[in-house]
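Working through the structure, step by step
Each chain is listed here by its residues.
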Amino acid sequence: MRGVRYPDHALRQLAEASIAYGGWIANARAPEAFARHRVTVHVPRGPYVRELPGIPTIRPFEALACGIPLVSAPWSDTEGLFRDGDFRWAQDGDQMRAHLRELVNDPAARAEQAARGLETIRARHTCAHRASELLAILDTLSARERKSA
């Protein structure tokens, strides 16, 4: 398991469950890590969920762009960044285990889930999309400056 800022009690629980904790991973190494596994889990930190609702971390985008199925703990997609079914939501531990069990053991379900998430990334969240959005913002700002001049 990878991640940052896990509290000591969480690290103890991982050890008790015989789950190896690998610590932080550099963003540039994330695709390599995803490629070695069949599924990934996203657990957003509590402060982000509470204080920045609707804003996920980069990890869901990275995972889906790498073509790996994603199961996420709850967060609010208020921006509509993803379609229903792009990844699986787990409201609790039982649901997380059920989703992971299915995706690990069913290659067809895993492939379908991965393809759906990747389709959304390609349709909505590429670097070209972000560049176009930035240029549109700059055009809006430039237009305001022209009007006020």
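Look a little higher up for the structure.
Throughout what follows, the structure given in this document is the object of discussion.

Basis of the calculations
- Per chain, residues are indexed from 1 in the order of the written sequence.
- This being a predicted model, a pLDDT of at least 70 is required before a residue's local features are given, and a value of 80 or more before pairs of side-chain atoms are given or counted; all residues contribute to the totals for chains, interfaces and linings.
- Values shown for side chains rest on all heavy atoms present in the structure; no hydrogens or waters enter the calculation.
- The pairing criterion is simple: DSSP has to find at least two bridges between the two strands.
- Numbering of helices and strands runs from the N terminus, with a helix taken as a DSSP run of H or I at least four residues long and a strand as a DSSP run of E at least two residues long.
- Partly exposed describes any residue whose relative accessible area lies between the buried limit of under 20% and the exposed limit of over 50%, with all areas from a 1.4 Å probe on protein chains only and scaled to the type maximum.
- Joining through side-chain atoms within 4.5 Å is the link that ties buried Ala, Val, Leu, Ile, Met, Phe, Trp, Tyr and Cys residues into a set, and such a set is a nonpolar core.
- Here, two residues are considered to be in contact whenever any of their heavy atoms come within 4.5 Å of each other.

1. Things to note about the sheet that holds strand β3 (residues 88-89)
Taken together, three strands build an open sheet; the order of strands is β1-β2-β3 and the sheet is parallel. Because the sheet does not close on itself, it has two edges, and the strands there are β1 (40-42) and β3. Examined bridge by bridge, strand β2 (residues 70-72) and β3 share two bridges and lie parallel to one another. Looking across to β3, one finds that Ser72 is bridged to Trp89.

2. Let's talk about unusual backbone geometry
Although it is not a glycine, Arg5 sits at a positive phi angle of roughly 60°. The phi angle at Ser18 is positive, at roughly 60°, despite the residue not being glycine. Judged by its relative accessible area of 66%, Ser18 falls in the exposed class.

3. Observations concerning the nonpolar core
By size, the foremost hydrophobic cluster in this structure holds twelve residues: Ala30, Phe34, Phe61, Ala63, Leu64, Ile68, Leu70, Trp75, Leu81, Phe82, Phe87 and Ile121. Looking at this core, the elements with two or more residues in it are α2 (30-35) and α4 (59-65). The leading source of residues in this core is α4, at three residues. Excluding residues that lie within four positions of it along the chain, Ala30 makes contacts with Ile25, Arg59 and Glu62. Core analysis: the second largest hydrophobic core is formed by five residues, Val39, Val71, Ala90 and Met96 among them.

So, to be careful, I would describe these as geometric facts and stop short of saying anything about function.
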